[in-house]
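Chain residues, written in single-letter form:
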2 protein chains.
Amino acid sequence: MQAHPINRFIFAFAILIALPLSASTPIPNSTSVHQWDIFELTLPGPTPTNPFADVSLSAKFTSGDSSSTANGFYDGGGQYKIRFMPPTIGQWHYQTQSNLPDLTNKSGDFTCEKPSPENHGPVRVRNTYHFAYADGTPYKPIGTTSYGWVFQPDPFEDHMLATLKSSPFNKIRMLVFPLRYGENPDKPTLFPYEKKSDGTWDYSRFDPKFFQHLEKRIADLRDLGIQADVILFHPYGRDDLRFDRMDPADDDRYLHYIVARLSAYRNVWWSLANEFDLIRSKKTADWDRMFQLIQNEDPSNHLRSIHFSRYTYDPTHPWVTHMSVQNGMAVADFGRATWLRDICPKPVVFDEVRYEGNIEARWGQLTGEEMTERFWFGTIAGTYVGHGEVLGDHAGHSWGSTGGDLRGESPARIAFLKKILDTAPPEGVEPLDRYFETHIAGKAGEYYLIYFGPEKPAEWPFELYKDAVSDGMKFKADILDTWNMTITPVDQTFTLKRHNQYTFRDQNDAKIPLPGKPWIALRIQRVPDAK
Amino acid sequence: MQAHPINRFIFAFAILIALPLSASTPIPNSTSVHQWDIFELTLPGPTPTNPFADVSLSAKFTSGDSSSTANGFYDGGGQYKIRFMPPTIGQWHYQTQSNLPDLTNKSGDFTCEKPSPENHGPVRVRNTYHFAYADGTPYKPIGTTSYGWVFQPDPFEDHMLATLKSSPFNKIRMLVFPLRYGENPDKPTLFPYEKKSDGTWDYSRFDPKFFQHLEKRIADLRDLGIQADVILFHPYGRDDLRFDRMDPADDDRYLHYIVARLSAYRNVWWSLANEFDLIRSKKTADWDRMFQLIQNEDPSNHLRSIHFSRYTYDPTHPWVTHMSVQNGMAVADFGRATWLRDICPKPVVFDEVRYEGNIEARWGQLTGEEMTERFWFGTIAGTYVGHGEVLGDHAGHSWGSTGGDLRGESPARIAFLKKILDTAPPEGVEPLDRYFETHIAGKAGEYYLIYFGPEKPAEWPFELYKDAVSDGMKFKADILDTWNMTITPVDQTFTLKRHNQYTFRDQNDAKIPLPGKPWIALRIQRVPDAK
């Protein structure tokens, strides 16, 4: 049996005996935590009739001039907890507030130390359409989706993590509320709420064990360097669960609780919903309110988005950090995906572009080649693409529903793209000369990716748009076979000469011979001037 | 010489002698005006040092429970005017307000009568992505651009109107401030401002003759059924004009003046700017302020947009009624243009998609076939496309700069498309099944346009997406050759039968033979059931 994950990440753990009331009760256990790791304070306390609903608890965390407030939560067994992800190195002080005398005015200090090398902090938007970790390290999402992987038996989930570890994926979309079982071979053993005596769910009483398990898996993902794109609502529940049809007060209590529990995990992203517009019980104003609740209550300010079916939620709201798009067409050809960027200057993540699969539903019939193409079409449009797979086994498992094994042909090719992007400009690949060109992205004057998709050109005349280039600049080139995963350097240096008012060409009008196959790309990189 | 247009449209004209102050001075001349025509009140008055800057004048117009305020303006020669486009039939009362005693508290009544048959009122947004006149008549923009046509000699402008009359165009983009003369063979004789003794322009003193001429041409367009998309600012002026670099106070005075003059013309659309992002002197906050000024001061609430070069102004602002897009790529293939609709639920008008032309600049090199294709690609994406042409004559005239003659091959084909759209569903053509299909638009169950662009299919299996259709429904089809402008009815009726979970086919799996040429479309229309 695995150790409970939280045990591995507690850097401060203070068991308090109920003390007489005072203005501020110092907590003796002062300790240290790494930047962007979890500081967790545990306070035993009385349990009124419903400790989930009747107890307010928070702590103000202060370091120098900055302060944040994190809400606490009841974790069962008479234990209350407050978690906090310290954003800066240095001394921190905290003090609790509660409507229970036993929990209020507890205070203490801790030191926040330099993070370990693999810890880059939470992911933020950077350079308008792109992302980076808080420490500045580029983060280029290569996402996948496995809605129900945390509702499986432990050995299955452990196997899933092993699969993820050897995959290219650095983000996974996953549900909090269980999928309907029909899509889920094994009935979940844990549910987010307690059941009432009449068999219905008590939306005012959470089951901490459910959330402890969820947290364990989010921590496992974090340790693999994978962002958990946590989907808070979805329309795929069983009718007897009805978690998509709770009252606004229940929705808000749930969000308050899960934000308190998860916001200190640095790899959490908030996805308000999957196919939000299919959740008929909620209106736009509900989504507005819930987005703002999360924005207000998450002291770590994790990324926030919402995924749609037919109708787009207005992504220009300040509480939406990036677009989470479902669409099978926008990244299926040249020159499409980039339009979403024009209306809303935020990153565009195509989280669902249909699935590599062999099922009857037409959204689950992409070939590996088509899925791979979508990643490249999205990349050269300055956007990011997510993978999906529905290639089921005899037991009804498939990657998209339950996780387990990857069976498709695209993941290896997506890993190849990831390798390319890992050495691409850290600020992100931008479409270049895009009012006239749809094949070229990169960073003008430095780095170009030219993708030919299904076209089969026999050669490419070396020609670059005028932005940021000049006569005499030198470039090298590699031929990328995006399907066969080969990088073939071109044994030549190209020297620019002005061709016309728009472009520069190689001074000898050199052309790069190409293999005449589909899914070829070119990578062009500046060769620094000799000293 | 043409009659001054205003003479033809004045339905109320009251010359007032300065009367002693009273709480409200009734104006005896009560008359009538047609709905959506121009009620104009002329008040002689004193002229302080600068009647453009020092006089405030407005009138409140009341009919039943509704009221609107229209600002007045100084029209030269000691005359002040207030214009109003009555939006409803019935009795109207007005009363003026001014800081000049001679102009304030003038009141009167008039009757607003049923409009003449060709008068459908101003154009409004209808059905989210589409337009209609105020009386409900569909309006489907088929626009063109002639930036400087109102700065030409009168006979040239009259010829331009004759060309427009026989063209398909029902909207024209046109500048208020003159183009730099280098793009304009004949130097303008009128300018919007008075010149100061030092040769610079006095931005606080307008030249009413300039605006009277502009109004005459807007009225001429109106009488041809053409919307005037009036571009209020642009970056193409001469350095000695500097109308794009005025102070905010001057900008606001200009907008106040032109809104007072033009807002009663029912065919006016406000285009805040052409390539607004190239007007370096103004910031986003300036555009926000100016949009809101127009929104507040235009009692007729005309359509408002802004046209961009590289950077999009946020179209989700409530003061933007529709998107005015410049782009050469978004309507150059299947499946692109529709994405703009997803982020912002407003009509998308591609006002500039490059030009049919033969000039060196690459934006002016479209063939007639390419321009025609763009109209069709835009149409089946649920958007609207505008035409442009730069095929110059020896004198330096070209349609895009000065107007005159149309020389391209696309206008006739655009007229053919207009003929098709005139009998298409009045609520607008919508992309259908658009997450899987990029070729089909229309109205599910009733009307389908299937455009093949450059593809050359030899046949089309009769197959429709499941929305709004059922077994046994009957359809007829026409083959449209969008380049050769022919409509060929298919001599067969097609009867639907469920094919799979997504589509219906003809019950006999009928296929429509196609000519194997590019630019073919199909029109599929429901055949009503026999009684």
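None of these values were measured; they are calculated from a predicted model.

1. Section: the overall build of chain A
Okay, step 1: Each helix and strand in chain A was counted, giving nine helices and 34 strands.
Okay, step 2: For 531 residues, the compact-globule estimate of 2.2 N^0.38 gives 24 Å, and chain A sits close to it at 25 Å.
Okay, step 3: Structurally, chain A occupies a C-alpha span of about 85 × 55 × 45 Å along its principal axes.
Okay, step 4: Burial analysis of chain A (531 residues in total) assigns 61% to the buried set.
Okay, step 5: Taking contacts inside chain A between residues at least 6 apart in sequence as the whole, the part at least 24 apart equals 71%.
Okay, step 6: Carbon and sulfur atoms make up 51% of the accessible area of chain A, which totals about 19,900 Å².
Okay, step 7: If you average the places of the 57 positive and of the 67 negative side-chain charges in chain A, the two averages end up 2 Å apart.

2. Examining the environment of A:Cys112
All names here are of chain A.
Okay, step 1: Within the secondary structure, Cys112 is located in strand β8 (residues 106–113).
Okay, step 2: It is 55 Å that separates the C-alpha atoms of Cys112 and Lys456, two residues lying 344 residues apart in sequence.
Okay, step 3: With sequence-adjacent residues up to four places away left out, Cys112 is seen in contact with Val33, His34, Gln35, Pro86, Thr88, Ile89, Gly90 and Trp92.

3. Some words on the packing of aromatic side chains
Okay, step 1: Here the structure, examined in full by the defined rule, presents 98 aromatic pairs over all chains.
Okay, step 2: Between the aromatic rings of A:Phe73 and A:Tyr257, the centroid separation amounts to 5.9 Å while the plane-to-plane angle is 85°, which identifies the pairing as edge-to-face. In this pair, A:Phe73 sits in strand β5 (residues 66–74) while A:Tyr257 sits in helix α5 (residues 248–262), placing the two residues 184 residues apart along the sequence.
Okay, step 3: Where A:Trp483 meets A:Trp519, the ring centres are 6.1 Å apart and the plane angle is 55°; that geometry is what we call tilted. Taken together, the positions of A:Trp483 in the loop between β29 (474–481) and β30 (486–489) and A:Trp519 in the loop between β33 (511–513) and β34 (520–527) put the pair 36 residues apart, joining distant regions of the chain.
Okay, step 4: The cationic tip of A:Lys282 hangs over the ring face of A:Phe233; the distance from NZ or CZ to the ring centre is 4.9 Å.
Okay, step 5: The positively charged end of A:Arg362 is found above the aromatic ring belonging to B:Phe436, 3.9 Å away from the centroid.

4. Focus: the sheet that holds strand β16 (residues 227–233) of chain B
Strand pairing in a sheet relies on backbone hydrogen bonds, with the paired strands running either antiparallel or parallel.
Residues and elements named next belong to chain B.
Okay, step 1: Read from one edge of the open sheet, eight strands run β18-β17-β16-β13-β12-β22-β20-β19, paired in parallel fashion. Looking along the sheet, the strands with just one partner apiece sit at the ends: β18 (304–305) and β19 (323–326).
Okay, step 2: For strand β12 (residues 143–145) and strand β13 (residues 171–175), the ladder comprises three bridges, and the chain directions are parallel. Considered in β13, the bridge of Gly143 is made with Lys171.
Okay, step 3: Packed onto the sheet, helix α6 (residues 284–297) meets β16, β17 (268–273) and β18 and runs at close to 165° relative to β17.
Okay, step 4: Along the sheet, helix α8 (residues 368–380) contacts β12 and β22 (384–387); its crossing angle with β22, the most-contacted strand, is approximately 160°.

5. Some thoughts on the pattern of salt bridges
All names here are of chain A.
Okay, step 1: This model, assessed by the stated rule, comprises 70 salt bridges over all chains.
Okay, step 2: Where Lys517 meets Asp481, a salt bridge forms, and the shortest distance between an N and an O atom there is 3.1 Å. In this pair, Lys517 is assigned in the loop between β33 and β34 and Asp481 in strand β29, connecting sequence segments 36 residues apart.
Okay, step 3: When its relative accessible area of 33% is taken as the criterion, Lys517 is described as partly exposed.
Okay, step 4: Relative accessible area serves as the criterion here: at 6%, Asp481 is assigned to the buried category.
Okay, step 5: Each of the salt bridges in this network shares a partner with another, and the network as a whole consists of Glu40, Asp75, Lys81, Arg83, Glu215 and Arg261.

6. What about the environment of A:Ala424?
All names here are of chain A.
Okay, step 1: Within the secondary structure, Ala424 sits in the loop between α9 (410–422) and β24 (430–431).
Okay, step 2: Judged by relative accessible area, which is 7%, Ala424 ranks as buried.
Okay, step 3: Sequence-wise, Ala424 and Arg523 are 99 residues apart; in three dimensions their C-alpha atoms are separated by 9.5 Å.
Okay, step 4: Residues within four places of Ala424 in sequence aside, it is in contact with Lys140, Val429 and Tyr447.

7. Considerations on the pairing of strand β26 (residues 447–451) of chain B
All names here are of chain B.
Okay, step 1: Counted residue by residue, β26 has five buried out of five residues, so it is predominantly covered.
Okay, step 2: In β26, alternate side chains face the same way, and those of Tyr447, Leu449 and Tyr451 on one face and Tyr448 and Ile450 on the other are all buried.
Okay, step 3: Relative to β26, strand β25 (residues 440–443) runs antiparallel, the two sharing four bridges. Bridge assignment links Gly442 to a residue of β26, and that residue is Tyr448.
Okay, step 4: Connecting β25 to the antiparallel partner β26 that follows it, the hairpin turn spans three residues, and Gly445 within it adopts a positive phi of roughly 85°.

8. A word on helix α3 (residues 154–165) of chain B
Okay, step 1: An ideal rise of 1.5 Å per residue puts 16 Å on 12 residues; α3(B) measures up with 17 Å between its terminal C-alpha atoms.
Okay, step 2: In the core, the buried residues of α3(B) are packed alongside β12, β13 and α4 (208–223) of chain B.

9. Re the interface of chain B and chain A
Okay, step 1: Taken together, the contact between chain B and chain A spans 37 residues of the former and 37 residues of the latter.
Okay, step 2: Of the roughly 3,200 Å² buried between chain B and chain A on both sides combined, carbon and sulfur atoms contribute 56%.
Okay, step 3: Summed over the shared surface of chain B and chain A, the number is four salt bridges.
Okay, step 4: In this structure, the salt-bridge partner of A:Asp467 is B:Arg310, at a minimum N-O distance of 3.5 Å.

10. Looking at the relation of the copies chain B and chain A
Okay, step 1: Note on the copies: chain B fits chain A at an RMSD of 0.0 Å, the axial shift is 0.0 Å, and the rotation between them is 180°. Taken together, the rotation and translation describe the operation of a two-fold axis. When C-alpha positions in chain B are compared against the rotation axis, the closest is assigned to B:Arg336, at 2.3 Å.
Okay, step 2: Most of the interface of chain B is mirrored in chain A, where 100% of its interface residues again form contacts.

11. Section: the packing of α8(B) against helix α9 (residues 410–422) of chain B
In a pair of packed helices, the angle between the axes and the distance between the axes together describe the arrangement.
Residue and element names in this part refer to chain B.
Okay, step 1: Look at α8 against α9: their axes get within 8 Å of each other, and the N-to-C directions meet at 20°. Relative to α9, the element α8 lies roughly parallel. The element α8 and its partner α9 pack so that their crossing is right-handed. On the side of α8, the interface is formed by Gly368, Met371, Thr372, Phe375, Trp376 and Thr379, while α9 contributes Ser410, Arg413, Ile414, Leu417 and Leu421.
Okay, step 2: Residue classes in the contact of α8 with α9 are distributed as six nonpolar, four polar and one charged.

12. Some words on the state of the cysteines
Okay, step 1: For the coordinates displayed, the defined rule picks out zero disulfides over all chains.
Okay, step 2: In this structure B:Cys344 is not part of a disulfide, and its nearest cysteine sulfur, from A:Cys344, lies 10 Å away.
Okay, step 3: With relative accessibility at 1%, the residue B:Cys344 sits in the buried group.

13. As for α5(A)
Okay, step 1: Over its 15 residues, α5(A) extends 21 Å from the first C-alpha to the last, a length consistent with the 21 Å expected when each residue adds 1.5 Å.
Okay, step 2: Within α5(A) the residues assigned to the buried category are A:Asp250, A:Asp251, A:Tyr254, A:Leu255, A:Tyr257, A:Ile258, A:Val259, A:Ala260, A:Arg261 and A:Leu262.

14. Points about unusual backbone geometry
Residues and elements named next belong to chain A.
Okay, step 1: Its identity is not glycine, yet Asp509 carries a phi of approximately 50°, on the positive side.
Okay, step 2: Considering the arrangement of structural elements, one finds Asp509 in the loop between β32 (503–506) and β33.
Okay, step 3: On the basis of relative accessible area, Asp509 is assigned to the partly exposed category, the value being 45%.

15. Describing the side chain of A:Ser410
Okay, step 1: Within the secondary structure layout, A:Ser410 lies in helix α9.
Okay, step 2: A distance of 2.6 Å separates polar atoms of two side chains, one belonging to A:Ser410 and the other to A:Glu356.

16. With respect to the confidence of the model for chain A
Residues and elements named next belong to chain A.
Okay, step 1: Here chain A averages 92 in pLDDT, while 93% of its residues score no lower than 70.
Okay, step 2: In the predicted structure, residues 1–23 sits below a pLDDT of 50 and forms 53 contacts with residues beyond four places in sequence or in another chain.
Okay, step 3: As a predicted assembly, this complex carries a pTM of 0.90 together with an ipTM value of 0.86.

17. Some words on the packing of α4(B) against helix α5 (residues 248–262) of chain B
Residues and elements named next belong to chain B.
Okay, step 1: Where α4 meets α5, the axes come as close as 11 Å, and the angle between the chain directions of the two elements is 45°. Here α4 is positioned oblique relative to α5, judged by the angle of their axes. The element α4 and its partner α5 pack so that their crossing is right-handed. Residues Pro208, Phe211, Gln212, Leu214, Glu215 and Ile218 of α4 touch α5, and the partners they reach there are Tyr257, Ile258, Arg261 and Leu262.

Conventions we followed
- Residues numbered from 1 in each chain as written.
- Chains lettered and ligands numbered in written order.
- Predicted model: local features only at pLDDT ≥ 70, side-chain atom pairs only at ≥ 80, totals over all residues.
- Heavy atoms only, no water.
- Helix = DSSP H or I, 4+ residues; strand = E, 2+ residues; numbered from the N terminus.
- Rg over C-alpha atoms; globule rule 2.2 N^0.38 Å.
- Buried < 20%, exposed > 50% of the residue type's maximum accessible area, 1.4 Å probe, protein only.
- Contact = heavy atoms within 4.5 Å.
- Areas by Shrake-Rupley, 256 points an atom, 1.4 Å probe, with all protein chains shown as cover.
- Lys, Arg positive; Asp, Glu negative; His and termini not counted.
- Charge placed at Lys NZ, Arg CZ, Asp CG, Glu CD.
- Phe/Tyr/Trp six-rings, centres within 6.5 Å; stacked < 30°, edge-to-face > 60°.
- Lys NZ or Arg CZ within 6 Å of the ring centre and 35° of its normal.
- Pairing = 2+ DSSP bridges.
- Axes fitted to C-alpha atoms, helices over the stretch in contact; angles between N-to-C directions.
- Salt bridge = Lys/Arg side-chain N within 4 Å of Asp/Glu carboxyl O.
- Expected span 1.5 Å × (residues − 1).
- Buried area = accessible area lost by both parts, 1.4 Å probe.
- Least-squares fit on C-alpha atoms with pLDDT ≥ 70 in both.
- Parallel < 35°, antiparallel > 145°, perpendicular 65-115°, else oblique.
- Left-handed = near helix turned anticlockwise from the far one by under 90°.
- Nonpolar A, V, L, I, M, F, W, Y, C, P; charged D, E, K, R; others polar.
- Disulfide = S-S within 2.5 Å.
- Polar contact = N/O pair within 3.5 Å; in protein donor to acceptor, adjacent residues only side chain to side chain.
- pLDDT = per-residue confidence, 0-100.

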